[in-house]
Amino acid sequence: MIEVRDIAREFRRPRQVHGPLGGLRTFFTREVDIVHAVSNVSFSIDAGEVVGYLGANGAGKSTTIKMLSGILVPTSGTITVNGLVPWEDREANALNIGVVFGQRTQLWWDLPLIDSLRIIAKLYRMETAHYERNLARLDELLELTPFLDTPVRQLSLGQRMRGDLTAAMLYEPKILYLDEPTIGLDVVAKERMRGFIERVNQESGTTIMLTTHDLADVERLTKRIIFIDKGLVLFDGPVAELKHRYAPYRELHVTLAPNGDQPELPQMPGIIDIEETPGRLEIRFDPATIAVADLIAAVVASHPVTDLAIVEPALESVVREIVQSGEVRR
Amino acid sequence: MSFVANIPAWRELIRASIRFQFMYRFSVIMGILLAGVTIYLLTVVWTSAYAGQDEVGGIPLKLMLVYLTISNLQSWYLKPGIGFDIVDRVREGQIGFDLTRPVSYPSQLIATAAGDQLGMLPMVVVALPVAAVLGELAAPPSWQAGVGYLASFIIAWFIAVELAMIIGLVAFWTLEMTGFMMVYNLVGGFATGALVPLWFMPDLLRQAVQLLPFQSIVYVPVSIYIGIPATGSMYTAMALQVFWAVVLAGVIAIVWKRALYRTVIQGG
Amino acid sequence: MERFSLMRTLAGAAIRSELQYRANAVSSIIGGILFQITGFIVVWIIAARFGQIGDWGLAELTFLYGMRLTSHGIFYAFFSQMFELDRVLITGEFDRYLVRPLPPLMQLFTRKLRINCFGDLIGGSALLIAASSGGVVDWSPIAVVYLLLAVVGGALVEGAVQITLGSLGFRFLQTYPLRASVNEVFNVYGNYPNVIFPTALRAVLTFGLPIAFVAFFPASVLLNRADELSVPAWLASIAPLVGLVLFLIAVRIWRWQSANYQSAGN
């Protein structure tokens, strides 16, 4: 569905000149600063996949999405989306895709939401019956009725996002690009948004590419992650593999009896780190070196344990680790 | 709040707005070129209208061209942006901050306008040769006329600031002012006498223009400069300007009080 | 044809948005009319006092002014949003034009309607009617058709210039001061007969900035003064065609430059 080969995108901006007449000199200067937003990215996405596109701020996520949707032309490399080159066959490509930018709306600011939806239907050449059927379905999923007649500028952020999602899904695009779709939303609104994305993918088979800072979005919605940093792909694969590769450890969380002793644990191979607070132990260990049963036995033998839990590392901390170390592990 | 205690605050505003002017040098230079374009057009149009006659209605062509050059140079220089500032700040809700400062808002505006004007001053050095090449420049006929012009010019600046402020204050009642601004700029532009001096206007129009404050911004000072002062003598001409400065200050006081009431009591 | 229907939909949305601010609409129209009346009063005062400018009489000057103004009104009705281009590019609003199945330029044009264009159209038509009652034009069906083509052509010339300069915005972002200045030059120089300028400047205002093609050339043709021009009469008479050609070229330049779009937030 989506084929990306060796794309790069650099931005040139005239170097700011300071001093007398700096503004004018900046305007005419030929010196430029070159920023490599995306250096070399390749991946392919099959129809019906949901892919989380992750990376730190400035890693090149938005730039990639913009190239995929035909907003930016890559400096080099090729992209085909459903057989089309997005920036060359822009209008044909537009019919295949829906785009939601969490921080911006594509709705008509001064008009009631329903007007924007009607205009969208017209722009995407929809038959009236088709439009009404789709709107009814989206209304059912996103509960739009209460604010369909409200001008967009008066909508709350959550309502506006629902409106934007409706606008993007109204014409049933084959592909949906979501750039930070849950940014700024409260917990309830986020949950509604995730439920919606999940259903759209399951019921219509829509291919979805999602950038987000909220890793709960990813854990809930996607099986596959593409992780980029400094314009390069660091990882492309299942969520579980990312965790396995970057965080091949587990944690044993131990709650101790109140006022009990807290002696040192005996040295054992396979224990990576122990974090000790009064009444609590967090032991990070490598399950390949030490059996969980042995570890628990050792802890129980020396400590008054009231509760035990084995915890998988959260994606959040995995990602933090990757970004901080900034290195590729194969 | 005492006058002296406010001086540091005003000085800082003047500085800030000088810096701002420097940041926008490119549009300033564009502004000079545009003024030059207008000066050149008026020179050509009036020369063509004179059609070879040395003088019309007692006004020699050369004097006419000096009038047009000086008055358009001055219109370019005297364009207080504070009217737009007020509109922007009211629209973005920042006016609240301005109102909470311990210096009255109108005086903040005047300080800002003064900074704008001083920041633009170096640009006059660029503008003068442009005007001299494209139009016609000449020294005033006597040193008295020169000094009189400078005095009259300062009052003119004050009136221009006052008018801009009144327009800007309207933003407290309605935010959509594009149309209003346009009327002001154009009727204002024409009624200042920058395009046609009052002596060439048909009687009825001239009488109407003489009843408005706009002529005090351009026509009055420039007429002093070229040595044929409005109202016959430069002292009465300046008295007329002072009269308008005081009247407009009164208008601002009233409008400002109501605007403040509206914002504070009813919420912006 | 489908394009036009879509464009109508977008324009309809723009008009409905505008009507949300009714008070402003009225003041904009009045402002538009007054804006231009002031400019015309200057011409009128000079022509009334001196009898002519560049050997053109009051009725002829009025006709020229009316044509230019009507053209400008049409230009403003369709292309006013060119003046919002900087904002559209800097805020990244242009992104959403690029993900929709319509040419981005078309979406920019239909973004909003500037009501004050009606001021220009009303004022321009009024001046044309006033001038024509002075009997300066021999009206025939062909002359009427030519006038209509000419005012549209004039609008296209102005549109072409603004689009070409606007396409620099994909590289420099801020082109408004430049475009506003050029628009101002059109506004002040386009209203006067080109013959008052020295020969070199006439050439610049014909081939450099094609101001003469907006109204002066077609007006000269309609006023039977085309033989006084410093260009061949046939060149003056194809002004409407020149407008169309320049416009098409400008759209090509725009498309070519738009590959440099950098989007916001990068």
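A quick note: this is a predicted structure, and the numbers were derived from the prediction, not measured. (Residues numbered from 1 in each chain as written. Chains lettered and ligands numbered in written order. Predicted model: local features only at pLDDT ≥ 70, side-chain atom pairs only at ≥ 80, totals over all residues. Heavy atoms only, no water.)

A. The arrangement of the overall build of chain A in detail. Each helix and strand counted, chain A has 11 helices and 13 strands in total. The C-alpha atoms of chain A give 25 Å as radius of gyration, which overshoots the globular expectation for 330 residues (20 Å, by more than 25%). Every one of the 330 residues in chain A was classed for burial, and the buried ones make up 49%. Considering only residue pairs separated by 6 or more positions, chain A has 70% of its internal contacts joining residues 24 or more positions apart. (Helix = DSSP H or I, 4+ residues; strand = E, 2+ residues; numbered from the N terminus. Rg over C-alpha atoms; globule rule 2.2 N^0.38 Å. Buried < 20%, exposed > 50% of the residue type's maximum accessible area, 1.4 Å probe, protein only. Contact = heavy atoms within 4.5 Å.)

B. Spotlight on the environment of Ala121 of chain A. In this structure, Ala121 of chain A sits in helix H4 (residues 113-123). Ala121 of chain A sits 46 residues away from Ala167 of chain A along the chain, and the two C-alpha atoms are 8.5 Å apart.

C. Region of the structure containing the interface of chain C and chain A. Taken residue by residue, the interface counts 32 residues in chain C and 33 residues in chain A. A buried area of about 3,100 Å², summed over both sides, lies between chain C and chain A, and 52% of it is on carbon and sulfur atoms. The tally of links between chain C and chain A comes to 3 salt bridges. Put simply, Asp115 of chain A and Arg16 of chain C hold a salt bridge, and the shortest N to O gap is 2.5 Å. (Buried area = accessible area lost by both parts, 1.4 Å probe. Salt bridge = Lys/Arg side-chain N within 4 Å of Asp/Glu carboxyl O.)

D. Representation of unusual backbone geometry. Non-glycine residue Asn82 of chain A carries a positive phi angle of around 50 degrees. Looking at the secondary structure, you find Asn82 of chain A in the loop between strand S4 (76-81) and helix H3 (90-96). Its relative accessible area of 30% is what places Asn82 of chain A among the partly exposed residues. One non-glycine residue, Asp55 of chain C, adopts positive backbone phi at about 70 degrees. Within the secondary structure layout, Asp55 of chain C lies in the loop between helix H2 (22-50) and helix H3 (58-79).

E. Spotlight on the pattern of salt bridges. Applying the stated criterion to the full structure yields 29 salt bridges over all chains. Here Asp110 of chain A ties to Arg153 of chain A by a salt bridge, and the two come within 2.9 Å at their closest N and O atoms. Pair noted here: Asp110 of chain A is in the loop between strand S5 (97-101) and H4 and Arg153 of chain A is in the loop between helix H5 (128-142) and helix H6 (157-169), with a separation of 43 residues, a long-range link. Residue Glu60 of chain C is joined to Arg225 of chain C by a salt bridge in which the shortest nitrogen-to-oxygen separation is 2.8 Å. Highlighted residues: Glu60 of chain C in helix H3 and Arg225 of chain C in the loop between helix H13 (216-222) and helix H14 (233-237), separated in sequence by 165 residues. Like Glu60 of chain C, the residue Arg225 of chain C is buried in the burial classification.

F. Structural view of the interface of chain C and chain B. Listed per partner, the contact involves 32 residues of chain C and 31 residues of chain B. In this assembly, chain C and chain B are joined by 0 salt bridges. Of all the secondary structure elements, the ones that give two or more residues to the side of chain C that touches chain B are H2 and helix H10 (176-189) of chain C. With 15 residues, H2 of chain C is the single largest residue contributor to the side of chain C that touches chain B. Grouping the amino acids of the side of chain C that touches chain B by side-chain chemistry returns 20 nonpolar, 10 polar and 2 charged. (Nonpolar A, V, L, I, M, F, W, Y, C, P; charged D, E, K, R; others polar.)

G. Summary view of the sheet that holds strand S12 (residues 280-285) of chain A. All names here are of chain A. Taking strand neighbours across the sheet as the criterion, the 4 strands line up as S11-S12-S10-S13 in an open arrangement whose pairing is antiparallel. The sheet is open, and its two borders are formed by strand S11 (271-277) and strand S13 (305-311), each paired with just one other strand. Strand-to-strand twist across the sheet, computed as the mean angle between neighbouring axes with direction ignored, equals 15 degrees. (Pairing = 2+ DSSP bridges. Axes fitted to C-alpha atoms, helices over the stretch in contact; angles between N-to-C directions.)

H. Molecular detail of the nonpolar core. Counting 192 residues, the largest nonpolar core has Phe43 and Tyr177 of chain A, Trp46 of chain B together with Phe63 of chain C as its most contacted members. The dominant element in this core, judged by the number of residues it contributes, is helix H7 (residues 143-169) of chain B, at 14 residues. Apart from the residues lying within four places of it in its own chain, the contact partners of Trp46 of chain B are Leu61, Met64, Leu65, Leu68, Leu195, Val196, Pro197 and Phe200 of chain B together with Ile46 and Phe50 of chain C. Core analysis: the second largest hydrophobic core is formed by 48 residues, Leu107, Tyr131, Leu185 and Val200 of chain A among them. (Core = buried A, V, L, I, M, F, W, Y, C linked by side-chain atoms within 4.5 Å.)

I. Expanded view of the side chain of Gln162 of chain C. All names here are of chain C. In this fold, Gln162 is placed in helix H8 (residues 141-166). By relative accessible area, which is 3% here, Gln162 ends up buried. Only 3.2 Å separates the side chain of Gln162 from the backbone oxygen of Arg179, close enough to count as a polar contact. Residues in contact with Gln162, not counting those within four places in the same chain, are Phe75, Met82, Phe83, Arg179 and Asn183. (Polar contact = N/O pair within 3.5 Å; in protein donor to acceptor, adjacent residues only side chain to side chain.)

J. Spatial organisation of the packing of H3 of chain C against H8 of chain C. Residues and elements named next belong to chain C. For the pair H3 and H8, the least separation of the axes is 8 Å and the interaxial angle reads 55 degrees. Classified by the angle between their axes, H3 and H8 sit oblique to one another. As H3 packs across H8, the resulting crossing turns out to be right-handed. Residues Phe63, Met67, Arg68, Thr70, Ser71, His72, Ile74, Phe75 and Phe79 of H3 pack against Leu147, Ala150, Val151, Val152, Gly154, Ala155, Leu156, Glu158, Gly159 and Gln162 of H8. Class assignment of the residues belonging to the contact of H3 with H8 gives a composition of 11 nonpolar, 6 polar and 2 charged. (Parallel < 35°, antiparallel > 145°, perpendicular 65-115°, else oblique. Left-handed = near helix turned anticlockwise from the far one by under 90°.)

K. Geometry of the packing of helix H6 (residues 105-134) of chain B against H7 of chain B. All names here are of chain B. Running from N to C, H6 and H7 cross one another at 125 degrees; their axes reach a closest spacing of 11 Å. When the axes of H6 and H7 are compared, the pair comes out oblique. Both H6 and H7 take part in a crossing whose hand is right-handed. Here Pro106, Leu109, Ile110, Ala113, Ala114 and Gln117 of H6 lie close against H7, whose contacting residues are Trp157, Phe158, Val161 and Met165.

L. Structural context of the environment of Tyr97 of chain C. Its place among the elements puts Tyr97 of chain C in helix H5 (residues 93-98). Taking the C-alpha atoms as reference points, Tyr97 of chain C and Ala259 of chain C, separated by 162 residues in sequence, lie 14 Å from one another. Other than its neighbours up to four places away in sequence, Tyr97 of chain C contacts Arg90 of chain A together with Val88, Leu102, Pro104, Gln107, Leu108 and Arg111 of chain C. A polar contact of 2.6 Å, which involves the side chain of Tyr97 of chain C, links it to the side chain of Glu93 of chain C.

M. Structural detail: a nonpolar patch on the surface. Residue and element names in this part refer to chain C. On the surface, Trp234, Ile238, Leu241, Leu244, Val245, Leu248 and Ile249 cluster together into a nonpolar patch covering about 660 Å² of accessible area. For the nonpolar patch, the element with the highest residue contribution is helix H15 (residues 239-257), accounting for 5 residues. Mapped onto the secondary structure, Leu248 falls in helix H15. (Patch = residues over 30% accessible without salt bridge, like charges linked within 9 Å, V, L, I, M, F, W, Y side chains within 5 Å. Areas by Shrake-Rupley, 256 points an atom, 1.4 Å probe, with all protein chains shown as cover.)

N. Representation of the packing of aromatic side chains in the model. A full pass over the atoms with the stated rule returns 36 aromatic pairs over all chains. Consider the rings of Tyr105 of chain B and Trp256 of chain B, whose centres lie 5.6 Å apart with planes at 35 degrees: the pair is tilted. Of this pair, Tyr105 of chain B sits in helix H6 while Trp256 of chain B sits in helix H11 (residues 234-266), and the two are 151 residues apart along the sequence. The two residues Tyr105 of chain B and Trp256 of chain B agree in class, both being buried. Taken together, a centroid distance of 6.3 Å and an interplanar angle of 65 degrees make the contact between Trp199 of chain B and Phe200 of chain B edge-to-face. What links up through ring pairs into an aromatic cluster is the set Trp46, Tyr50, Tyr67, Trp199, Phe200 and Tyr219 of chain B together with Phe50 of chain C. Note that Arg104 of chain A overlies the ring of Phe101 of chain A, its terminal NZ or CZ placed 5.6 Å from the centroid. Stacked on the ring of Tyr249 of chain A, the Lys or Arg Arg284 of chain A has its end atom at 4.1 Å from the ring centre. (Phe/Tyr/Trp six-rings, centres within 6.5 Å; stacked < 30°, edge-to-face > 60°. Lys NZ or Arg CZ within 6 Å of the ring centre and 35° of its normal.)

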